[in-house]
Amino acid sequence: AGFLAVSLGFLVRATAVQTTTADSFAPLAGHVADILRALGYLSVLIGQFADPLQPRPKYEGDAVSEIAGRPEPKKHRGISLAVLTPGLSLLLPGLTALTGLMYLRRATTGLERHLLPVAWGFGGLTVFELLSDTQNLTATANPLLYQLAAPLGPLWWAALVALVVAAVILGAWVWQYLTKRLQSQLFMVLVSQALGLFLFTTLGFTFLVLRSTQSASLGDLSTASHVLQYAITSRQAETAAQAEAVAGTAGVAAAVTAGDHKALMSAIGDYLPHHSLTSLVVVNGVGQVVLRGEDPERYGDSRSSDPLVRRALIGEAASSVVVASGVSAPTVTLVAESPIRDADGNVAGAVIAGRAVSNAFVDGIKTSTGLDSAVYGGSIRAATTLVGSNGTDRAVGIAETTTAVTDQVLLHDKTYSGTVNFQNQPFLVSFAPLRDIDNRPIGMLLTARPAAALFATAYQSIQITFLFVVVLVIVSVYPIFRLSRYLARQLG
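What counts, and at which threshold
- Residues numbered from 1 in each chain as written.
- Predicted model: local features only at pLDDT ≥ 70, side-chain atom pairs only at ≥ 80, totals over all residues.
- Heavy atoms only, no water.
- Helix = DSSP H or I, 4+ residues; strand = E, 2+ residues; numbered from the N terminus.
- Buried < 20%, exposed > 50% of the residue type's maximum accessible area, 1.4 Å probe, protein only.
- Phe/Tyr/Trp six-rings, centres within 6.5 Å; stacked < 30°, edge-to-face > 60°.
- Lys NZ or Arg CZ within 6 Å of the ring centre and 35° of its normal.
- Core = buried A, V, L, I, M, F, W, Y, C linked by side-chain atoms within 4.5 Å.
- Contact = heavy atoms within 4.5 Å.
- Pairing = 2+ DSSP bridges.
- Polar contact = N/O pair within 3.5 Å; in protein donor to acceptor, adjacent residues only side chain to side chain.
- Axes fitted to C-alpha atoms, helices over the stretch in contact; angles between N-to-C directions.
- Parallel < 35°, antiparallel > 145°, perpendicular 65-115°, else oblique.
- Left-handed = near helix turned anticlockwise from the far one by under 90°.
- Nonpolar A, V, L, I, M, F, W, Y, C, P; charged D, E, K, R; others polar.
- Patch = residues over 30% accessible without salt bridge, like charges linked within 9 Å, V, L, I, M, F, W, Y side chains within 5 Å.
- Areas by Shrake-Rupley, 256 points an atom, 1.4 Å probe, with all protein chains shown as cover.
- Salt bridge = Lys/Arg side-chain N within 4 Å of Asp/Glu carboxyl O.
- Arc of directions from axis to C-beta.

## Points about unusual backbone geometry
Most peptide bonds take the trans configuration, and most residues that are not glycine carry a negative phi. Although it is not a glycine, Ser276 adopts a positive phi angle of roughly 55°. As for its position among the elements, Ser276 is in the loop between helix H11 (271-274) and strand S1 (279-284). With relative accessibility at 55%, the residue Ser276 sits in the exposed group.

What follows is the structure, encoded as structure tokens:
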């Protein structure tokens, strides 16, 4: 009865798909499985205490010496019952460890040495139960602990390996007894075939559903990244149009030629706040600043080394992206320049307009696409819809440490699609390069979707499939048993 309860517990546990979503019956299945396993381990343990220990045979000293060539029996060191005091506070690991010690006692102190594999099997189950408890660490804010204990993390895989080892040891021990009878052999062959068919079908269905869902989502994210790039390009075009409008304003060319700061202030001094620009700089024909709209009192310095100013002074209009360091996060600014021409068509100076990419910009992207997005200056997040651990503050100023992402986007100037963790949560992402006027990647554009929310529907379908397969396995055992008994009788 105890082993039956343990096996049913693991069957119920198999229906719970490993996921971080809360809208599933995985927690309920896990609780039911824990209760069944605890009852099973406790039943086996009670049986071990109730079953008297078979003592090892004792020989008289003179009888042993009379047997020619037979060595004195090796003495086995027994395990004291005091060591077997159940640690109830350890719950499942304590029950499995105590059960394993009881079987080890029977195999060493007692006569039943054939039970030694069972003791090792329960040792593997103890390791599994201990490592399974480490999943409670996923509630921690420490990213290192979370990555160790997260589903599909190192401790998760270690627990799975321990469970497989324990199952192989116990299965091999049971196999040597069941293969002694023809009916048992037929029963195991038929059950194994049915279980293998169900398992292959379930895993194949699961793999296809998850791959299809992930591929479709990554395709949507790639499309959304193009939308984000288009929005950046549109903002650049809008900024360029405003720079051109300032350059064509009446009186600007004459004021620039004369170096009249007050005349420029009168002509375009209020242009910057009324058009949501971050910066507006006017330079003369040699690159000297005549007016700085965001700081009117600071002028006279030279911008002749600026690549955009150089282009403007030879009569070319251009736009670019500029990344500047900030206190807590870099600033990404869309910059456009337009040459100022006098009445004869000669270049008298240039207008450089800038518009910073803010959180409001990415909020608009999320409103239109429903996806989280971010703009990076280099590898550091400058504006984003993602929030920090407190759920309110924007998660800006955070560097992207995934080497595969930074190498693919910033070094090789290519788009990256895959899975990345943000705030200890997996996201399906698409990173695209953000380029400057020389077409070099100086930042990144991110579109992302939480993987847990995406796969929620697929998880529900897969869990129902797993539950259905478990029911089929349990239901099919009885007809297979009847069939194997009928075939054994016919062959007999």
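There's plenty left to go through after this.
## Brief notes about the packing of aromatic side chains
This model, assessed by the stated rule, comprises seven aromatic pairs. Pairing Phe10 with Phe128 gives two aromatic rings, centres 5.8 Å apart and planes at 45°, and the pair type is tilted. Pair noted here: Phe10 is in helix H1 (residues 2-14) and Phe128 is in helix H5 (residues 116-133), with a separation of 118 residues, a long-range link. Phe128 carries the same exposure label as Phe10, and that label is buried. The ring of Phe10 carries Arg37 above its face, with NZ or CZ at 5.1 Å from the centroid. Above the face of the Phe422 ring, Arg381 is positioned so that its terminal group lies 5.2 Å from the ring centre.

## Quick word on the nonpolar core
The nonpolar side chains of a soluble globular protein tend to be buried with one another. Phe10, Tyr41, Tyr103, Val118, Phe122, Leu125 and Phe128 are the most contacted members of the largest nonpolar core, which totals 23 residues. Broken down by secondary-structure element, the contributors of at least two residues to this core are H1, helix H2 (26-50), helix H4 (91-108), H5 and helix H7 (154-178). Setting aside chain neighbours within four positions, we find Tyr103 in contact with Phe3, Val44, Gln48, Leu115, Val118, Ala119 and Phe122. Counting residues in each nonpolar core, the second largest holds 19 residues, with Ala243, Ala247, Val256 and Leu280 among its members.

## Re the pairing of strand S5 (residues 347-356)
When you tally the buried positions in S5, you get eight out of ten residues, the bulk of the element. Two elements, strand S4 (residues 331-341) and S5, share nine bridges in a ladder whose sense is antiparallel. Considered in S5, the bridge of Ile340 is made with Gly349. Two successive antiparallel strands, S4 and S5, enclose a turn made up of five residues, where Gly345 displays a positive phi of approximately 90°.

## As for the side chain of Thr239
Structurally, Thr239 is set in helix H8 (residues 182-247). According to the relative accessible area criterion, Thr239 is buried, its value standing at 0%. Of note is the side chain of Thr239, whose polar atom sits 2.8 Å from the backbone oxygen of Arg235. A distance of 3.4 Å separates polar atoms of two side chains, one belonging to Thr239 and the other to Arg355. When neighbours within four sequence positions are excluded, Thr239 is seen to be in contact with Leu277, Leu334, Ala336, Ala353, Gly354 and Arg355.

## A word on the packing of H5 against H7
Between H5 and H7, whose axes approach to 8 Å, the crossing angle comes to 160°. Considering the angle they form, H5 stands roughly antiparallel to H7. Relative to H7, H5 is oriented so that their crossing is left-handed. Across the interface between the two elements, Pro117, Val118, Trp120, Gly121, Gly124, Leu125, Val127, Phe128, Leu131 and Ser132 from H5 touch Leu155, Ala158, Ala159, Ala162, Leu163, Ala166, Ile169, Leu170 and Trp173 from H7. A breakdown of the residues in the contact of H5 with H7 according to their chemical character gives 16 nonpolar, three polar and no charged.

## Re a nonpolar patch on the surface
There is a patch of nonpolar side chains on the surface, built from Leu152, Trp157, Leu160, Val164 and Val168 and spanning about 470 Å² of accessible area. Among the structural elements, Leu152 can be located in the loop between helix H6 (143-149) and H7. Using a relative accessible area of 54% as the deciding quantity, one classes Leu152 as exposed.

## Here's the deal with helix H14 (residues 403-411)
Taken together, the buried positions of H14 are Val405, Thr406 and Val409. All buried residues of H14 lie within an arc of 90° about the axis, which places them on one face of the element. Away from its buried face, by an angle of more than 90 degrees, H14 presents the exposed residues Thr403 and Leu411. Structurally, H14 contributes buried residues whose contacts are with strand S8 (416-422), strand S9 (425-435) and strand S10 (441-450).

## Considerations on the sheet that holds S4
Spatial ordering of the open sheet is given by S2-S1-S5-S4-S3, a layout of five strands whose pairing is antiparallel. Because the sheet does not close on itself, it has two edges, and the strands there are strand S2 (289-292) and strand S3 (318-324). The average angle at which neighbouring strand axes cross in this sheet is 20°, direction not considered. Across six bridges, S1 lies against S5 in antiparallel orientation. The residue bridging Val282 from the neighbouring strand is Val351, located in S5. In the packing of H8 onto the sheet, the strands contacted are S1, S3, S4 and S5, and the crossing angle to S4 comes to about 35°. Most of the contacts of helix H10 (residues 261-268) go to S2, to which it runs at about 35°, and overall it touches S1 and S2.

## Some remarks on the packing of H8 against helix H13 (residues 359-369)
Contact geometry for H8 and H13: axes closest at 11 Å, N-to-C directions at 135°. By the angle between their directions, the pair H8 and H13 is classed as oblique. Classified by chirality, the crossing of H13 by H8 is right-handed. On H13, the residues touching Val227, Leu228, Ala231, Ile232 and Arg235 of H8 are Phe361, Ile365 and Thr369. Of the residues belonging to the contact of H8 with H13, the class tally is six nonpolar, one polar and one charged.

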